[in-house]
Amino acid sequence: MKRKKIVAGNWKMNMNLDESSKLISDLKEISIKNVDVKIAPSFTNLYHSNSMLTSSKIEVIAQDMHFEKNGAYTGEVSAKMLLGIGINTSIIGHSERRKYFNESNQILSKKVTSAIQHSMQVIFCVGEELSERENNNYFEVIKTQLKEGVFHVDSDQFKNIIIAYEPVWAIGTGMTANSQQIQEMHKFIRDLVQNYFGDEISQNIKILYGGSVKPNSAKEIFSLDDVDGGLIGGASLNFSDFNSIVEAANE
Ligand code: PGA
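This report concerns the structure included in the present document.

Brief notes about the site of the ligand
Taken together, 13 residues surround the ligand, and among them Lys12, His94, Glu166, Gly172 and Ser212 come closest. Here an oxygen atom of the ligand and a side-chain polar atom of Lys12 are 2.7 Å apart. Within the backbone of Gly172, an N or O atom sits 2.6 Å from an oxygen atom of the ligand. When grouped by side-chain class, the residues that make up the shell around the ligand number four nonpolar, seven polar and two charged.

Considerations on the nonpolar core
The biggest cluster of nonpolar side chains holds 67 residues, and the ones touching the most others in it are Phe124, Leu146, Phe158, Ile163, Ile189 and Phe222. Sorting elements by how many residues they give to this core places helix α9 (residues 179-197) first, with six residues. In this view, Phe222 contacts Lys5, Val7, Val213, Val227, Gly229, Gly230, Ile245, Ala248 and Ala249; residues no more than four positions away in its chain are not counted. Ile6, Ala40, Ile61 and Ala164 belong to the second-largest nonpolar core, a separate cluster that totals 11 residues.

Remarks on the sheet that holds strand β2 (residues 35-40)
Strand order in the open sheet made by the eight strands is β3-β2-β1-β8-β7-β6-β5-β4, with parallel pairing throughout. Because the sheet does not close on itself, it has two edges, and the strands there are β3 (59-60) and β4 (89-92). Here β4 runs beside strand β5 (residues 121-126); their pairing, made up of four bridges, is parallel. Bridge assignment links Ile91 to a residue of β5, and that residue is Ile123. Contacts from helix α12 (residues 239-249) reach β1 (5-10), β2 and β8 (229-232), with the element oriented near 165° to β1.

Thresholds applied
- Residues numbered from 1 in each chain as written.
- Predicted model: local features only at pLDDT ≥ 70, side-chain atom pairs only at ≥ 80, totals over all residues.
- Heavy atoms only, no water.
- Near = heavy atom within 4 Å.
- Polar contact = N/O pair within 3.5 Å; in protein donor to acceptor, adjacent residues only side chain to side chain.
- Nonpolar A, V, L, I, M, F, W, Y, C, P; charged D, E, K, R; others polar.
- Core = buried A, V, L, I, M, F, W, Y, C linked by side-chain atoms within 4.5 Å.
- Buried < 20%, exposed > 50% of the residue type's maximum accessible area, 1.4 Å probe, protein only.
- Helix = DSSP H or I, 4+ residues; strand = E, 2+ residues; numbered from the N terminus.
- Contact = heavy atoms within 4.5 Å.
- Pairing = 2+ DSSP bridges.
- Axes fitted to C-alpha atoms, helices over the stretch in contact; angles between N-to-C directions.

Structure follows, in structure tokens:
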């Protein structure tokens, strides 16, 4: 089954306004054939980035969002606020949110519900720690993250979900999971989706890989049967690297 690939750049807490404007001017020149390209700048740069890209195929997305519509949640940003500036997609459940901000599967499931209720698209991240891989319970970990965090939505809503498999030990470490490890986990995730939501949805769901994807590894990773693109951290901050990774997914 041919699914259109996605390459999404997660800029994390990098790039001030000047730096992001410069990178976006360069990104406008990227040749986009048959691939969906997304970038996730920080909250402070979302509005400006989006205005710079109005006539481009690149979609500007958020790195996170809160589950409430509004209220006394100092420092937080809601789905409604994102929609108000034309942002229709958010990453939810990145391992850095889970780890440094104690976001549990229960909190993440509320975020997913809020995004879906606002008709937003979600890139929902899952991934095991190194110790969990070494203890051989990584399939169980991923299954729990999916069951508790995102499988509560109904089939129609699930069409707005993209899953990103990002083994925590491969994020920002330069240690990419190997092709066999990636393919077997992506297949495992697709099979789980099939159990919960049926054949058609499991064939259409996009499953991205993330964790030290670089220009020299992208092509091989993107050629795997159940990989539908990548969530790119470090390499998305550099025009030439990101361009090469988009190129590897362009077909
Ligand atoms: P990395 O980050 O490409 O720098 O490993 C990936 C991510 O955290 O999404």
